[in-house]
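What follows is each chain in one-letter form.
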Amino acid sequence: LEIEHIGIAVKSKDKMSDFFENILGIKNPISEDVKEQKVLTKIFDTSKGKLEILESTSKDSPINNFLDKRGNAVHHIALSVENIEEALKELKNKNVQLIDESPRIGAEGIKIAFIHPKATDGILIELCQKP
């Protein structure tokens, strides 16, 4: 396993984007509106892993609910897997509680699935399989 990205939920992506681009010098971010998840993403590739800024597009989005409870904060850690279907099957066999029983498509066209925070002592873990 390797870290694919760290997701950071923010009320407005402008300040964090400015910090990553102009202070840390991480250039050429990729922006995407992930309508299914009601979120705008801005992804900064450090070449050793990505930082994903998440901004809600709707009051009823999971990101907005997270922000209401915790404010700007790390939302999830995403791990890269070779075969997401097999990884989910293995986790189910180990009785790990999942949010997603099967993968869906996330930002950058990557297959994703989330492990429920109840299974990880409160930390949201995302599995990712690159196309």
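Predicted model only: the values in this text are computed from it and were never measured. (Residues numbered from 1 in each chain as written. Predicted model: local features only at pLDDT ≥ 70, side-chain atom pairs only at ≥ 80, totals over all residues. Heavy atoms only, no water.)

S.K.: Got a sec to walk through the overall build of the chain? Specific residues and values, please.
M.R.: In terms of helices and strands, the chain carries three helices and eight strands. Its helices and strands in sequence order give the chain the pattern β-α-β-β-β-α-β-α-β-β-β, from N to C terminus. A compact globule built from 131 residues should have a C-alpha radius of gyration of about 14 Å, and the chain, at 15 Å, falls within 12% of that. Expressed as a percentage of the 131 residues in the chain, the buried residues total 43%. When the accessible area of the chain is evaluated, it comes to approximately 7700 Å², of which 51% is carbon and sulfur surface. (Helix = DSSP H or I, 4+ residues; strand = E, 2+ residues; numbered from the N terminus. Rg over C-alpha atoms; globule rule 2.2 N^0.38 Å. Buried < 20%, exposed > 50% of the residue type's maximum accessible area, 1.4 Å probe, protein only. Areas by Shrake-Rupley, 256 points an atom, 1.4 Å probe, with all protein chains shown as cover.)

S.K.: Kindly report on unusual backbone geometry, identifying the contributing residues and their values.
M.R.: Although it is not a glycine, Asn-28 adopts a positive phi angle of roughly 60°. With respect to the secondary-structure elements, Asn-28 resides in the loop between helix 1 (13-23) and strand 2 (30-34). We note that Asp-121 has phi near 60°; this positive angle belongs to a residue other than glycine. With respect to the helices, strands and loops of the structure, Asp-121 is situated in the loop between strand 7 (111-115) and strand 8 (125-129).

S.K.: Describe helix 1, and please don't skip the residues or the numbers.
M.R.: Those residues of helix 1 not exposed but buried are Lys-13, Ser-17 and Phe-20. All buried residues of helix 1 project into a common sector of 65° when viewed along the axis, lining one side. When the buried face of helix 1 is taken as reference, the exposed residues oriented beyond 90 degrees from it are Asp-14, Lys-15, Asn-22 and Ile-23. Its buried side turned inward, helix 1 meets strand 1 (2-9), strand 3 (39-45) and strand 4 (50-56). Positive backbone phi, approximately 75°, marks Gly-25, located one or two places after helix 1. (Arc of directions from axis to C-beta. Contact = heavy atoms within 4.5 Å.)

S.K.: Please set out the pattern of salt bridges residue by residue, giving values where relevant.
M.R.: What the rule picks out here adds up to eleven salt bridges. For Glu-108, the salt bridge identified is with Lys-50, shortest N-O distance 3.0 Å. Within this pair, whereas Glu-108 is found in the loop between strand 6 (104-105) and strand 7, its partner Lys-50 is found in strand 4, the two being separated by 58 residues in sequence. Salt bridges sharing common partners tie together Glu-4, Lys-50 and Glu-108. (Salt bridge = Lys/Arg side-chain N within 4 Å of Asp/Glu carboxyl O.)

S.K.: Go over the side chain of Glu-4, please, and point to the residues and values.
M.R.: Along the chain, Glu-4 falls in strand 1. Its relative accessible area of 4% is what places Glu-4 among the buried residues. A distance of 3.0 Å separates a polar atom in the side chain of Glu-4 from a polar atom in the side chain of Lys-50. Not counting chain neighbours up to four residues away, the residues in contact with Glu-4 comprise Gly-49, Lys-50, Ala-78, Leu-79, Ser-80, Ile-110, Cys-128 and Lys-130. (Polar contact = N/O pair within 3.5 Å; in protein donor to acceptor, adjacent residues only side chain to side chain.)

S.K.: Describe the pairing of strand 8, naming the residues involved and giving the relevant values.
M.R.: Among the five residues of strand 8, five are classified as buried, and the element is accordingly described as predominantly covered. Judged by which residues are buried, strand 8 turns out to be covered on both faces: Ile-125, Leu-127 and Gln-129 on one side and Glu-126 and Cys-128 on the other are all buried. In terms of strand pairing, strand 5 (residues 73-80) meets strand 8 through four bridges, oriented parallel. Looking at strand 8, one finds that Ala-78 is bridged to Glu-126. By the bridge criterion, five bridges tie strand 7 to strand 8 in an arrangement that is antiparallel. Bridge pairing in strand 8 places Phe-114 opposite Glu-126. (Pairing = 2+ DSSP bridges.)

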